[in-house]
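Structural overview for review
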Amino acid sequence: MDQIRIRNFAIIAHIDHGKSTLADRIMEICGAVGAKHEEQMLDSLELEREHGITIKLKAIRLTYRSQIQNPKSEKRNNTQIQNSNSQNNFEFRDSNLEFADSVYQLNLLDTPGHVDFSYEVSRSLASVEGALLIVDATQGIQAQTLSNFNLAMNANLTLIPVINKIDMPAADVVKTTKELTDLGFKDDEIIKVSAKTGENVEKLLDEIIEKIPAPDSSALPQNDPSINSGHGSKLAALIFDSSLDPYKGVIATIRLFGGSLKVGDEIYFLATKSRGQVLQLGYLTPKPHYTEELNVGEVGFIVTNIKDLSLVKVGDTVTHPKEMANALPGYHEARPVVFLSFFPIEASDYPKMRDGLEKLKLNDAALAYSPESSISLGQGFRVGFLGLLHASISQERLEREYGLDIIVTSPSVNFIIDGKTINKPSEFNPTPNSEVKEPYAKITIFAPQQYFGQINELIYNKRGTIEHSENIGASQKIEANIPLLEILIGFYDDLKSQTSGYASFDFEVTDYRPAKLVKLDILVNSEPVEGLAQVIPVDKAEEFGKKLVAKLKDEIPRQNIPIPVQAVINYAKIKGGVGGKILARETIAAYRKDVTAKLYGGDVTRKTKLLDKQKKGKKRMKRFGNVEIPQEAFLAVLKI
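Values in this document were obtained by computation on a predicted structure and should not be read as measured data.

Counted by the stated rule, this structure contains eight aromatic pairs. Residues Phe149 and Phe185 carry aromatic rings whose centres are separated by 5.8 Å and whose planes lie at 70 degrees to one another, so their mutual orientation is edge-to-face. Pair noted here: Phe149 is in helix α5 (residues 143-154) and Phe185 is in the loop between α6 (173-182) and β6 (191-192), with a separation of 36 residues, a long-range link. What makes Phe149 buried here is its relative accessible area of 10%. Relative to Phe381, the ring of Tyr369 has its centre 5.8 Å away and its plane inclined at 80 degrees; by these criteria the two rings are edge-to-face. With Tyr369 in strand β17 (residues 368-374) and Phe381 in strand β18 (residues 378-385), this pair connects stretches of sequence that are 12 residues apart. For Tyr369, a relative accessible area of 28% puts it in the partly exposed group. Residue Phe381 is classed as buried on the basis of its relative accessible area of 1%. Members of the aromatic cluster, connected to one another through ring pairs, are Tyr350, Tyr369 and Phe381. In this structure, Arg255 packs its charged tip against the face of Phe257, placed 4.3 Å from the ring centre.

What follows is about the side chain of Lys462. Take Lys462: it is sitting in the loop between α10 (452-461) and β23 (465-472). Among all residues touching Lys462, those that are not within four sequence positions of it are Ile482, Pro483, Glu486, Ile489, Gly490, Phe491, Asp494 and Lys540.

As a packed pair, helix α1 (residues 19-29) and helix α7 (residues 201-211) sit with axes 10 Å apart at the nearest point and diverge in direction by 85 degrees. With respect to α7, the axis of α1 lies roughly perpendicular. Between α1, through Leu22, Arg25, Ile26 and Ile29, and α7, the contact on the second element is made entirely by Val201, Glu202, Leu204 and Leu205. Split by residue class, the contact of α1 with α7 holds six nonpolar, no polar and two charged.

Relative to the helices and strands, Asp349 is located in the loop between β16 (338-344) and α8 (350-363). Here Asp349 is buried and forms no salt bridge, its nearest opposite-charge partner Lys352 lying at an N-O distance of 4.1 Å. The residues contacting Asp349, other than those within four sequence positions of it, are Pro344 and Leu404.

In this sheet, strand β12 (residues 288-291) lies alongside strand β11 (residues 274-284) in antiparallel orientation, the contact comprising four bridges. If you follow Leu284 over to β12, its bridge partner there is Pro288. Hairpin connection from β11 to β12: three residues lie between these consecutive antiparallel strands.

Attention now moves to the nonpolar core. Formed by 47 residues in total, the largest nonpolar core has its most connected members in Phe342, Ile443 and Ile445. No other element matches the five residues that strand β22 (residues 436-448) contributes to this core. If near-sequence neighbours (up to four positions away) are discounted, Ile445 is found in contact with Ile455, Ile459, Gln476, Lys477, Ile478, Phe491, Leu495, Ala503, Ser504 and Phe505. Residues Ala195, Val201, Leu205 and Ile208 belong to the second largest nonpolar core, which totals 28 residues.

With that settled, the discussion passes to the sheet that holds β16. If you walk across this open sheet you meet the four strands as β17-β18-β16-β19, and the pairing is antiparallel. Every other strand in the sheet has two partners, leaving β17 and β19 (406-408) as the edge strands with one partner each. Averaged over all adjacent pairs, the angle separating strand axes in this sheet is 30 degrees, with direction ignored. Note: β16 against β19, three bridges, orientation antiparallel. From the neighbouring strand, Phe342 faces β19, where its bridge partner is Val408. Contacting β16, β18 and β19, helix α9 (residues 388-402) runs over the sheet at an angle of about 20 degrees to β16.

Moving on, we come to the confidence of the model for the chain. The share of residues in the chain with pLDDT of 70 or more is 77%, and the mean pLDDT across the chain is 79. Per-element averaging of pLDDT across the chain places helix α2 (residues 46-51) at the bottom with 45 and β6 at the top with 94. Every residue in residues 219-232 scores below 50 in pLDDT, and together they form 38 contacts with partners more than four places removed in sequence or on other chains.

The tally for this structure, following the rule as stated, stands at 21 salt bridges. Between Asp136 and Lys165 there is a salt bridge; the shortest N-O distance is 3.0 Å. Linking Asp136 in strand β4 (residues 130-136) with Lys165 in the loop between β5 (158-164) and α6, this pair joins segments that are 29 residues apart in sequence. Take Asp136: its relative accessible area is 0%, and that puts it in the buried class.

Packing of α10 against helix α12 (residues 491-498) leaves a shortest axis separation of 10 Å and a crossing angle of 160 degrees. Here α10 lies roughly antiparallel to α12, going by the angle between them. As for the relative orientation of α10 and α12, their crossing is right-handed in sense. Along the contact surface, α10 presents Gln454, Ile455 and Leu458, while α12 presents Phe491, Asp494, Leu495 and Gln498. Residue composition of the contact of α10 with α12, grouped by class: four nonpolar, two polar and one charged.

Before going further, it helps to spend a moment on the sheet that holds strand β2 (residues 58-66). Strand order in the open sheet formed by six strands is β2-β3-β1-β4-β5-β6, and the pairing between neighbours is mixed. Taken across any chain shown, the strands that pair with only one partner, and hence form the sheet edges, are β2 and β6. Bridge count for β4 against β5 is seven bridges, and the pairing is parallel. Along β5, the bridge assignment pairs Val135 with Ile163.

Rules of the game
Every chain is numbered on its own, with residues counted from 1 as its sequence reads. For a predicted model such as this one, the threshold for reporting local features is a pLDDT of at least 70, and the threshold for listing and counting side-chain atom pairs is 80 or more; totals across whole chains, interfaces and linings nevertheless cover every residue. The basis for every side-chain value is the complete set of heavy atoms in the structure, and neither hydrogens nor water enter the calculation. Working definition: rings of Phe, Tyr and Trp (its six-membered ring) pair if their centres are within 6.5 Å, and the pair is stacked with planes under 30 degrees apart, edge-to-face with planes over 60 apart, and tilted otherwise. Only DSSP runs of H or I with at least four residues qualify as helices, and only runs of E with at least two residues qualify as strands; both kinds are numbered from the N terminus onward. Buried means the residue's accessible area, taken with a 1.4 Å probe over protein chains only, is under 20% of the maximum for its type, while exposed means over 50%, and partly exposed covers the values in between. Should the NZ of a Lys or the CZ of an Arg lie within 6 Å of a ring centre and within 35 degrees of the ring normal, that charge is described as sitting over the ring. What makes two residues a contact is simply this: any of their non-hydrogen atoms within 4.5 Å. Inter-axis angles, ranging from 0 to 180 degrees, are taken between N-to-C directions of lines fitted to C-alpha atoms, where helices are fitted over the stretch in contact. Working definition: roughly parallel below 35 degrees, roughly antiparallel above 145 degrees, roughly perpendicular at 65 to 115 degrees, and oblique for all remaining angles. In this classification, the charged set is Asp, Glu, Lys and Arg, the nonpolar set is Ala, Val, Leu, Ile, Met, Phe, Trp, Tyr, Cys and Pro, and all remaining amino acids, among them Gly, are polar. Lys and Arg are tallied as positive, Asp and Glu as negative. Neither His nor the chain termini are counted. Only one rule defines a salt bridge in this text: a Lys or Arg side-chain nitrogen within 4 Å of an Asp or Glu carboxyl oxygen. One requirement defines pairing of two strands: DSSP has to find at least two bridges between them. Side-chain atoms within 4.5 Å link the members of a nonpolar core, which is a set of buried Ala, Val, Leu, Ile, Met, Phe, Trp, Tyr and Cys residues. Per residue, pLDDT measures the predictor's confidence, with a range of 0 to 100. By convention the crossing between two helices is left-handed if the near helix lies anticlockwise of the far one by an angle smaller than a right angle, and right-handed if it lies clockwise.

Okay, here's the thing in structure tokens:
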């Protein structure tokens, strides 16, 4: 299709504001699906449907017939495209022509809304010219709404503000409109729709045609002169997703910024310096549709003859080996901020876990892992994530897709001790003169104004400080700096409970600051459990230790012997006989087996002998017995 008739756009919003439902209605209007179809069709993963969230972005091509005459975006872009290709003497329509009843190609990218998957949003925004910013009329602007708004503005995208769920009884369109105008949008720019009923969705599609510009290769960030729109130019395609089909090979989802691709073409990947061949070309409608060629400005997928997924990386540039273009700007590297250890319950599953993590990593640019060994838990991996939901989803995928049973340790963050970065509590052993730093995050909270006092107290209790606050409509936006460690454990639950569930928050790691921290070891039956060790502030160690051992007492099953559970600081000193301090202790009561039940008479000494024998056996168990610690005990940290 003519490049001027293409519109590439993403749908961005806070979680549960109706992105996937709006995508369903758009596909219905464009005739891609019938009126009766499965809801939220683009959320194809089982986990997405169970959790009710979008995890993976989806790119769908739609055909739409618009009644708009002479769209402003075509006036603007037709001249730009003509100028950028005048040297090739290509023929273009005159910019003053009017197009009535025109057919357009819409490439729609549905994106996740949760903060843990913001890197998926950045993939989408690097591949489009515009975005729909969706706001729920019943909830108003939320933290991730603002985060996505800033991402889109930094990418210089054309934004169309959309208020969704106007059909809901609790919808407050006036308040939500005021919040959007406070962000800088004009009242007449805001489109009010109901994704559920389809109200005004066609009007929204016409607005996309009218305002979002067509692809323009001359406006690439690097201004590469070798990449021009038009046939015969050098191929430059950005990979924003990839997967492996065991029968076909690696399948890469791409956006063409220059040139064209045909079935049978030889291709070259600039980052990995690998070569391949195009076996098939196509796009999703949402079902796969195969074609012989993809041209500049279009979004689609290529099936390659490459069998190694590591050779086709997200963010890489695809070009022709004989006529290579410069690398396209990729995505910002996603840096993990939360670290957990994964250990297989069965030692023989270690190779399977390694293979599973390797495959997840190839499709998840934000995941990082390295081998780890534990005396009590065996061989496993230290895995980095963007947040706890990201970690939870990855764990579930490993367990379901690869049949693994996993023990997951409590979360930690990066610390800097005398210039060295560590993220394992077991390695946290500073000297009295060491310089210790911990990561701080800038958090943005949206909540009704009446909860400011509760939020202020919560931030103070979490060692944070409020930097700025302002009213946006009936809500209040609060910006604060807080240690990342405090966000991980209990902050979200506390925030929701303090604000009756109305608050939302987003965070971004900013810098490292000096901190007074200590390692808290947990001893079960007098033996340290590495997976339960915590790095916490010195002034919170005793309170935290008491709560944790009390929680562990309920989570660890009773044994035939009493099991002491202790919270200890400076355990290495205790072990070496030099010092240390036990902060808290609980004892898990023993089961008492009735060894005298089989006696039916006789002298009392028979009963005494059996009880003495049982006592000696329990002493032996205390010396040599191992306590099995369930997964719930490791998760107890998150419930404090």
